[in-house]
Amino acid sequence: MKLSRLVPLLLVSCFGAALLLAMQVQVPEAPDREQPFPAFRLSSLLQPEKLTPASLPPQVYILNVWASWCRVCRQEHGFLMDVAAQQTLPIIGLNYRDQRDSAVRMLTLSGNPYQQVIFDQQGSLALDLGVYGTPETYLVDHRGMIRYRHHGALNSAVWQQQFEPRIKRLRASQERVGEQGG
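The structure displayed is predicted, hence computed values, not measured ones.

Remarks on the environment of Leu125
Logical step 1: Within the secondary structure, Leu125 is located in helix H4 (residues 124-129).
Logical step 2: The exposure class assigned to Leu125 is buried, which follows from its relative accessible area of 1%.
Logical step 3: Sequence separation of Leu125 and Ala39 is 86 residues, and the distance between their C-alpha atoms is 8.2 Å.
Logical step 4: Ignoring anything within four residues of it in the chain, the contact list for Leu125 reads Phe37, Pro38, Phe40, Leu42, Leu94, Ile118 and Asp120.

Right, dumping it as structure tokens:
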């Protein structure tokens, strides 16, 4: 067999190996470091008011980054409705680079799992948060510190494995601080 016939096979093999390695690289689930929720002043999607970090719940909550143009967000929406129905914790929405009318229409037709929705049409808050894409969900503690970040759609498996244990620990920490008067 001539060596020139093996070259294309070797190139395809090298490309395939590089592709497999690239597919195994995962986006980190947790923030590089725990960080305070960034400062912002943006409008509410559904109310005529401006929202700031002071508008966010003084307890453990999740912030879900979504958009009406995001197909995966629409698939995730039903699960968020289930979480909201259980009233386990507040869900804040961050509507990312969307058209207000489209976002409002989606919540009107599919239900609104969010306690509040921050309208981030330019993506400025998302940039400060380090959002890679939609959907993403952040777990924020009672002091406004981001404690966990998940890329991709939430579902029951992710919720049970990644969020519930962290929520339980954060609430226990919040209760200890409350008992100590701090």
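Some thoughts on the pattern of salt bridges
Logical step 1: The tally for this structure, following the rule as stated, stands at four salt bridges.
Logical step 2: Among the salt bridges present, the one from Arg143 reaches Asp141, with a minimum N-O distance of 3.6 Å.
Logical step 3: Accessibility expressed as a relative area gives 56% for Arg143, which makes it exposed.
Logical step 4: Judged by relative accessible area, which is 2%, Asp141 ranks as buried.
Logical step 5: The partner of Arg147 in a salt bridge is Asp141, and the shortest N-O contact between them spans 2.8 Å. The burial state of Arg147 is the same as that of Asp141; both residues are buried.
Logical step 6: Residues joined by salt bridges that share partners form a network here, namely Glu34, Asp141, Arg143 and Arg147.

Details of the sheet that holds strand E6 (residues 116-120)
Logical step 1: On the basis of which strands lie adjacent, the open sheet formed by six strands has the order E1-E8-E7-E4-E5-E6 and mixed pairing. In this open sheet, the two strands that pair with only one neighbour each are strand E1 (35-36) and E6.
Logical step 2: Relative to strand E8 (residues 145-151), strand E7 (residues 136-140) runs antiparallel, the two being bridged by five bridges. Bridge pairing in E8 places Glu136 opposite His151.
Logical step 3: Here helix H2 (residues 71-86) sits on the sheet and contacts strand E4 (61-66), strand E5 (91-96) and E7; the angle it forms with E4, its principal contact strand, is near 160 degrees.
Logical step 4: In this fold helix H3 (residues 100-110) packs onto E4, E5 and E6, with an angle of close to 125 degrees to the strand it touches most, E4.

Some remarks on the packing of H2 against H3
Logical step 1: Packing of H2 against H3 leaves a shortest axis separation of 12 Å and a crossing angle of 45 degrees. Taken together, the axes of H2 and H3 are oblique relative to one another. Two packed elements cross with a definite hand, and for H2 against H3 that hand is right-handed. Residues Cys73, Arg74, His77 and Met81 of H2 lie in contact with H3, whose contacting residues are Met106, Leu107 and Ser110.
Logical step 2: Tallied by class, the residues present in the contact of H2 with H3 amount to four nonpolar, two polar and one charged.

A closer look at H2
Because each turn of an α-helix spans 3.6 residues, side chains separated by three or four positions end up pointing in the same direction.
Logical step 1: At His77, H2 is deflected by roughly 35 degrees, the largest bend along its length.
Logical step 2: Just past H2, the residue Gln87 takes up positive phi, approximately 55 degrees.

Some thoughts on the side chain of Gln35
Logical step 1: Along the chain, Gln35 turns up in strand E1.
Logical step 2: Judged by its relative accessible area of 18%, Gln35 is buried.
Logical step 3: If sequence neighbours within four positions are ignored, Gln35 has contacts with Asp128, Leu129, Gly144, Met145 and Ile146.

Some words on the confidence of the model for the protein
Logical step 1: Of the residues in the protein, 81% reach a pLDDT of 70 or more, and the chain-wide mean stands at 87.
Logical step 2: Contacts from residues 19-28, a stretch scored under 50 in pLDDT, to residues over four places away or in other chains number four contacts.

What counts, and where the lines are drawn
Residues numbered from 1 in each chain as written. Predicted model: local features only at pLDDT ≥ 70, side-chain atom pairs only at ≥ 80, totals over all residues. Heavy atoms only, no water. Helix = DSSP H or I, 4+ residues; strand = E, 2+ residues; numbered from the N terminus. Buried < 20%, exposed > 50% of the residue type's maximum accessible area, 1.4 Å probe, protein only. Contact = heavy atoms within 4.5 Å. Salt bridge = Lys/Arg side-chain N within 4 Å of Asp/Glu carboxyl O. Pairing = 2+ DSSP bridges. Axes fitted to C-alpha atoms, helices over the stretch in contact; angles between N-to-C directions. Parallel < 35°, antiparallel > 145°, perpendicular 65-115°, else oblique. Left-handed = near helix turned anticlockwise from the far one by under 90°. Nonpolar A, V, L, I, M, F, W, Y, C, P; charged D, E, K, R; others polar. Bend = angle between axes of the 7 residues up to and from the residue. pLDDT = per-residue confidence, 0-100.

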